[in-house]
Protein chains: 2
Amino acid sequence: MRAANSWTALFQFQDLNFMSFSLHPRLDADTFLLGDLPLCRALLMNDSRFPWLVLVPRRADIREIHQLPETDQFQLLREITQVSAAMETAFSAEKMNVAALGNMVPQLHIHIIARFEADEAWPGPIWGVGQTIPYADETDPAVMRFKTLMSNVGGQ
Amino acid sequence: MRAANSWTALFQFQDLNFMSFSLHPRLDADTFLLGDLPLCRALLMNDSRFPWLVLVPRRADIREIHQLPETDQFQLLREITQVSAAMETAFSAEKMNVAALGNMVPQLHIHIIARFEADEAWPGPIWGVGQTIPYADETDPAVMRFKTLMSNVGGQ
């Protein structure tokens, strides 16, 4: 009986959402890893035309914000506002865009983008506009700037 | 002195954000009023191609979520998730899109849109796609359906 119970406990433990999170391959391919906040993995979209971060709650099988437990929802909001405020200041953004779309990638992820009247897509949204211009690589000074910015946001 | 203090008090009262909220004329022109939640005015975008609601916190001079006091941020999140979950169920949506963009209208407003693989813009975002198809008027049964839906979301 003891062995059976242990197996049951192990199975339940592994079934918890935080145990089985893995980043969607499409997000992994399109971004640089900046670090982990208490809830979210912070990623830099590999498109140097826009200061464009993506936050992914490290929870499995979540597509919508309202599917998260309430405590996670509040933590997500804290991380969104911390990152958004930090980017607004760092880039002197004219407007921040915050969006959970996910029509193409089913894993919940939140775009946080600093916008400028002079940017390529203004005043429209940025998705699907023009051609991506990748950073040189993850040692690109522009990428390093985002790593520094994220290290100054709480929870690193 | 008493009169002067009264005037000061009155001025301060009128200066509070919730006293001076007024809906941006562009949002007013493009939507039907559905009702007020505890924090937000709920609006239906007048484009029958998409189930598309807009929530506007009734606070003056706010452009970004992170500019709201924390209690308002949490209430905004509650209202977003309540409306988003209600729309997902009511329309059997394949995906909900939630976004604060505001590049054109500087008053903070959150788009909540039920998306379908068969809709005109899928899998891209809906903004700026094709031509708007307005509802007949505010007595259109489709508009009334949204009013009923919103009356079932808390706080009416």
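Model, not experiment: these values are computed from the prediction.

## With respect to the packing of aromatic side chains
A ring pair, where both rings are aromatic, is described by two values, the distance of the centres and the angle of the planes.
Alright, step 1. Under the counting rule described, the total for this entry stands at seven aromatic pairs over all chains.
Alright, step 2. With 4.6 Å between their ring centres and 45° between their planes, Phe74 of chain A and Phe74 of chain B make a pair best called tilted. With Phe74 of chain A in helix α3 (residues 70–91) and Phe74 of chain B in helix α3 (residues 70–91), this residue pair bridges two chains. Taken as a pair, Phe74 of chain A and Phe74 of chain B share a single burial class, namely buried.

## Quick word on the packing of α3 of chain B against helix α4 (residues 141–151) of chain B
Residues and elements named next belong to chain B.
Alright, step 1. Running from N to C, α3 and α4 cross one another at 130°; their axes reach a closest spacing of 10 Å. By the criterion of interaxial angle, the relationship of α3 to α4 is oblique. You can see that α3 and α4 cross each other, and the crossing is right-handed. Along the contact surface, α3 presents Val83, Ala86, Met87, Ala90 and Phe91, while α4 presents Arg145, Phe146, Leu149 and Met150.

## So, the UniProt feature "domain: HIT" (unreviewed entry) in chain A
Alright, step 1. UniProt records the feature "domain: HIT" (unreviewed entry) at residues 20–122 of chain A, using the numbering of this structure.
Alright, step 2. Measuring from the first to the last C-alpha atom of residues 20–122 of chain A gives 38 Å, for a span that is 27% helix and 29% strand.

## Quick word on the confidence of the model for chain A
Alright, step 1. Residue-level pLDDT values for chain A average 90, and 86% of them are 70 or greater.
Alright, step 2. The ipTM for the predicted assembly is 0.88, set against a pTM of 0.88.

## Brief notes about α3 of chain B
Working note: α-helix, 3.6 residues per turn, so residues spaced by three or four point in the same direction.
Alright, step 1. When the terminal C-alpha atoms of α3 of chain B are compared, their 31 Å separation across 22 residues agrees well with the 32 Å that a helix rising 1.5 Å per residue should span.
Alright, step 2. Every buried residue of α3 of chain B is accounted for by Asp72, Gln73, Phe74, Leu76, Leu77, Glu79, Ile80, Thr81, Val83, Ser84, Met87 and Phe91 of chain B.
Alright, step 3. Elements that come into contact with the buried residues of α3 of chain B comprise α3 of chain A together with β2 (40–45), β3 (52–57), β4 (95–100), β5 (110–115) and α4 of chain B.
Alright, step 4. Where α3 of chain B ends, the next residue or the one after it, Ser92 of chain B, has phi of about 50°, a positive value.

## A word on the packing of α3 of chain A against α3 of chain B
Alright, step 1. Where α3 of chain A contacts α3 of chain B, the two axes come as close as 11 Å, and the packing angle between them is 120°. Between α3 of chain A and α3 of chain B, the interaxial angle falls into the category oblique. For α3 of chain A against α3 of chain B, the interelement crossing comes out right-handed. Of the residues in α3 of chain B, those in contact with Glu70, Gln73, Phe74, Leu77, Arg78 and Thr81 of chain A of α3 of chain A are Glu70, Gln73, Phe74, Leu77, Arg78 and Thr81 of chain B.
Alright, step 2. The residue inventory of the contact of α3 of chain A with α3 of chain B, partitioned by class, reads four nonpolar, four polar and four charged.

## Looking at the pairing of strand β5 (residues 110–115) of chain A
All names here are of chain A.
Alright, step 1. In terms of burial, β5 is a largely internal element, six of the six residues being buried.
Alright, step 2. The alternating pattern of β5 places Ile110, Ile112 and Ala114 on one face and His111, Ile113 and Arg115 on the opposite face, and all of these are buried.
Alright, step 3. Examined bridge by bridge, strand β3 (residues 52–57) and β5 share four bridges and lie antiparallel to one another. Its bridge partner being in β5, Trp52 is matched across the sheet by Ile113.
Alright, step 4. Note: strand β4 (residues 95–100) against β5, five bridges, orientation antiparallel. Bridge pairing in β5 links Ala99 to His111.

## Brief notes about the sheet that holds strand β1 (residues 31–36) of chain A
Alright, step 1. The 10 strands lie next to each other as β1(A)-β2(A)-β3(A)-β5(A)-β4(A)-β4(B)-β5(B)-β3(B)-β2(B)-β1(B), forming an open sheet whose pairing is antiparallel. Edge strands, defined here as strands with exactly one partner in the open sheet, are β1 of chain A together with β1 (31–36) of chain B. Adjacent strand axes in the sheet meet at a mean angle of 20°, parallel and antiparallel pairs treated alike.
Alright, step 2. Summarising the sheet, β1 of chain B and β2 of chain B pair through five bridges and their orientation is antiparallel. Opposite Phe32 of chain B, over in β2 of chain B, you have Leu44 of chain B as the bridge partner.
Alright, step 3. Against the sheet, α4 of chain B contacts β1, β2 and β3 of chain B, and its axis sits at roughly 20° relative to β1 of chain B.

## Here we look at the interface of chain A and chain B
Alright, step 1. Of the residues lining the interface, 31 residues belong to chain A; the matching set on chain B comes to 31 residues.
Alright, step 2. For the pair chain A and chain B, the two sides together bury roughly 2,800 Å², of which 56% comes from carbon and sulfur.
Alright, step 3. Of all residues in chain A, His66, Lys95 and Asn103 of chain A give up the largest surface area on contact with chain B, accounting jointly for 23% of the area buried on that side.
Alright, step 4. Counting the contacts that link chain A with chain B gives two salt bridges.
Alright, step 5. Residue Lys95 of chain A is joined to Glu64 of chain B by a salt bridge in which the shortest nitrogen-to-oxygen separation is 3.0 Å.
Alright, step 6. At the junction of chain A and chain B, the tally comes to 22 residue pairs in polar contact (both at pLDDT 80 or more).
Alright, step 7. Looking at the side of chain A that touches chain B, the elements with two or more residues in it are α3 and β4 of chain A.
Alright, step 8. The element contributing the most residues to the side of chain A that touches chain B is α3 of chain A, with nine residues.
Alright, step 9. Its residues assigned to classes, the side of chain A that touches chain B comprises 14 nonpolar, nine polar and eight charged.
Alright, step 10. Two strands pair when backbone bridges link them, and β4 of chain A and β4 of chain B are joined in this way by three bridges, in the antiparallel orientation.

What counts, and at which threshold
Residues numbered from 1 in each chain as written. Chains lettered and ligands numbered in written order. Predicted model: local features only at pLDDT ≥ 70, side-chain atom pairs only at ≥ 80, totals over all residues. Heavy atoms only, no water. Phe/Tyr/Trp six-rings, centres within 6.5 Å; stacked < 30°, edge-to-face > 60°. Helix = DSSP H or I, 4+ residues; strand = E, 2+ residues; numbered from the N terminus. Buried < 20%, exposed > 50% of the residue type's maximum accessible area, 1.4 Å probe, protein only. Axes fitted to C-alpha atoms, helices over the stretch in contact; angles between N-to-C directions. Parallel < 35°, antiparallel > 145°, perpendicular 65-115°, else oblique. Left-handed = near helix turned anticlockwise from the far one by under 90°. Contact = heavy atoms within 4.5 Å. UniProt positions renumbered as here; feature names shortened; annotations may be inferred. pLDDT = per-residue confidence, 0-100. Expected span 1.5 Å × (residues − 1). Nonpolar A, V, L, I, M, F, W, Y, C, P; charged D, E, K, R; others polar. Pairing = 2+ DSSP bridges. Buried area = accessible area lost by both parts, 1.4 Å probe. Salt bridge = Lys/Arg side-chain N within 4 Å of Asp/Glu carboxyl O. Polar contact = N/O pair within 3.5 Å; in protein donor to acceptor, adjacent residues only side chain to side chain.

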